[in-house]
Amino acid sequence: MFEQFIRCVYDKVPLNVAVFESRPPAAIAGEEAYKLWGIKPDENLKGRKTKVALWAWDARAYLTDAGDLKYEYNRDRFGQDWVDVPVRFEKTVLAAKVSYLERGYATYNDIVLFCRLLLNREDLNVASVLARRFGEVIVDEAQDTSALQQDLLEDIADSGAKICYIGDPKQGIYQFNHANPGYLKDLACDTHEEFTLTKNFRSIEAIVDVVNRRFDTTMAHHRDPEHDLHGAYVFVGTEEQALLAFNGILERTGISPAKSAVIVRNRKHLSSTLQDYERKDLRIGPRLALEAWRRDRRMDLEGALTSLVRLLRVAAADEALHAKEEAELRELGWLLFRSGNFPEPNGEETPRAWGIRLRAGIEAFLKNHGLQPNDKSGARFATNGLADEGIALAEFAFVPPVIRTTVIHQVKGESISAVLVIAPKKQHEEWLDKNASEEEQNVCYVAFTRAADLLLLHCPTDEIAAGWRDHGFRELPQLLES
């Protein structure tokens, strides 16, 4: 349906549009036509000021409080620091987006953007067509809708469609993406009738009690524990010790590791024991294969980047590179990630074929950035540590941990039998503070409410653990000793 309406305006758009999130497809990645110059400020790279382009797909559209359509980009590659694209470049950004749309590609944000542009075309009357075709619309996870998405829904509702919103304002954790959890409350006050869920059908009583006491809710529980050790516990110690304790209680309760998860606020909170799955005995080739797997399969950019910085020092012969600061190397590592020179392992090619392609890509990247490749790195790019010749790269010996490790945002909406939550002291202090930002309190709420049978909270200090015991958590070590 989206493509059909788009083609009414842009007749060059293919029938099927491939949607991507952050990493562009190879067909358009690296093309100079999509580099937008003059938008981003110069950066200090390799000891000198370097002009940096903004990729067209890295600019995203949003709606201001006044209802104006704007574009923004993130100027912090390793955090969230979004700034507006200057007004004089807005038409350039849109033209570039139309260009790769006509080649059959779009980001998720682009879809919303072009839908809004279409709904604003009075000659097409798209909102009325959609309202007749979809007379009743159900919006799930409505607390995470942005003003731009809400604008689309209101246009369709104004044309006659009935819209039901389902969501929980306490699970609104995408404010950084312009989501507005308060939108649900506004609807309940203005135009919609509100129905409230008063019973938790996922979690056992001990977990529901913790959530009620910390977040001042009054949910009733529906499920009873199936094992005496099911419940909500704190554990004081290192992250590694917490993981061992988590494994132990999984064994005693019979919960499958496949139905468990270790979740964190941010991947950088993970210690090397939980995050670094790097094989120390591998040479550059297979180690880079692991980094590609981390980047594309686990979406663990931070973990992959940390290792890649070390590899850059080895792959280049330039002595000056070896003396560079970590921040400069991370800049180079990030550029390598985003380039087409760091290929994803193809499960249909042999390790040797992929190794050749990898080495060529790394050498091209180094030369493009004025760095001399290490002539002696040929053997180090060998496929030692991968599968034998003739076996597809899908047979890597790089196996992720049995217990999934991920960030809180990625488990939203899931029901998980057992959850271990790991956070540093500063994060705990913020979560314990009821005056903390609404978004941070919601992140904590989402983390706790994923657990169905077992919730284990790692605490770095006794003081932190005492604070959580006041909210109903029990002490795990004493329980095991008894």
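Now for a description of the structure that goes with this document. Keep in mind that this is a model prediction, so the values were computed, not measured.

**Considerations on the overall build of the protein chain**
Thinking step 1. Along the protein chain, the regular secondary structure elements total 18 helices and 19 strands.
Thinking step 2. Across the 482 residues of the protein chain, 49% fall into the buried class.
Thinking step 3. Within the protein chain, counting contacts between residues at least 6 apart in sequence, those at least 24 apart form 70% of the total.
Thinking step 4. For the protein chain, the accessible area works out to roughly 23700 Å², and carbon and sulfur atoms hold 48% of it.

**Structural notes on the sheet that holds strand 18 (residues 451-459)**
Thinking step 1. Here six strands make up an open sheet; going across it, the order is 16-15-17-18-14-19 and the pairing parallel. Looking along the sheet, the strands with just one partner apiece sit at the ends: strand 16 (404-407) and strand 19 (474-475).
Thinking step 2. Bridge analysis of strand 14 (residues 231-236) against strand 18 gives six bridges, and the strand direction is parallel. Its bridge partner lying in strand 18, Ala232 is registered against Leu455.
Thinking step 3. Each of strand 15 (260-264), strand 17 (416-422) and strand 18 touches helix 16 (residues 438-449); the most contacted strand, strand 18, lies at about 125° to it.

**Remarks on the environment of Val52**
Thinking step 1. Within the element layout of this structure, Val52 appears in the loop between strand 4 (48-50) and strand 5 (54-55).
Thinking step 2. When the C-alpha positions of Val52 and Leu36 are compared, they lie 8.8 Å apart, and in sequence the two are 16 residues distant.

**Examining the side chain of Glu475**
Thinking step 1. If you trace the backbone, Glu475 turns up in strand 19.
Thinking step 2. Of note is the side chain of Glu475, whose polar atom sits 2.4 Å from the side chain of Arg469.
Thinking step 3. Not counting chain neighbours up to four residues away, the residues in contact with Glu475 comprise Tyr233, Val234, Val236 and Arg469.

**Here we look at the environment of Arg252**
Thinking step 1. Tracing the chain through its elements places Arg252 in helix 8 (residues 239-253).
Thinking step 2. Judged by its relative accessible area of 49%, Arg252 is partly exposed.
Thinking step 3. A sequence separation of 23 residues divides Arg252 from Leu229, and the C-alpha atoms of the two residues are 8.1 Å apart.

**A word on the packing of aromatic side chains**
Thinking step 1. If you walk through the whole model with that rule in mind, you get 13 aromatic pairs.
Thinking step 2. Summarising the aromatic geometry, the rings of Trp55 and Trp57 are spaced 5.2 Å apart at their centres and angled 10° between planes, so their arrangement reads as stacked. Residue Trp55 shares its accessibility class with Trp57, and that shared class is buried.
Thinking step 3. On the numbers, 5.3 Å between centres and 70° between planes, the contact of Phe448 with Trp468 is edge-to-face. Placement of Phe448 in helix 16 and of Trp468 in helix 17 (residues 462-469) is noted, with a sequence separation of 20 residues between them.
Thinking step 4. For Phe448, a relative accessible area of 0% translates into the label buried.
Thinking step 5. Its relative accessible area of 0% is what places Trp468 among the buried residues.
Thinking step 6. Grouping aromatic residues by their ring pairs yields a cluster made of Phe20, Tyr34, Trp55, Trp57 and Tyr100.

Reading the values: the criteria
Residues numbered from 1 in each chain as written. Predicted model: local features only at pLDDT ≥ 70, side-chain atom pairs only at ≥ 80, totals over all residues. Heavy atoms only, no water. Helix = DSSP H or I, 4+ residues; strand = E, 2+ residues; numbered from the N terminus. Buried < 20%, exposed > 50% of the residue type's maximum accessible area, 1.4 Å probe, protein only. Contact = heavy atoms within 4.5 Å. Areas by Shrake-Rupley, 256 points an atom, 1.4 Å probe, with all protein chains shown as cover. Pairing = 2+ DSSP bridges. Axes fitted to C-alpha atoms, helices over the stretch in contact; angles between N-to-C directions. Polar contact = N/O pair within 3.5 Å; in protein donor to acceptor, adjacent residues only side chain to side chain. Phe/Tyr/Trp six-rings, centres within 6.5 Å; stacked < 30°, edge-to-face > 60°.

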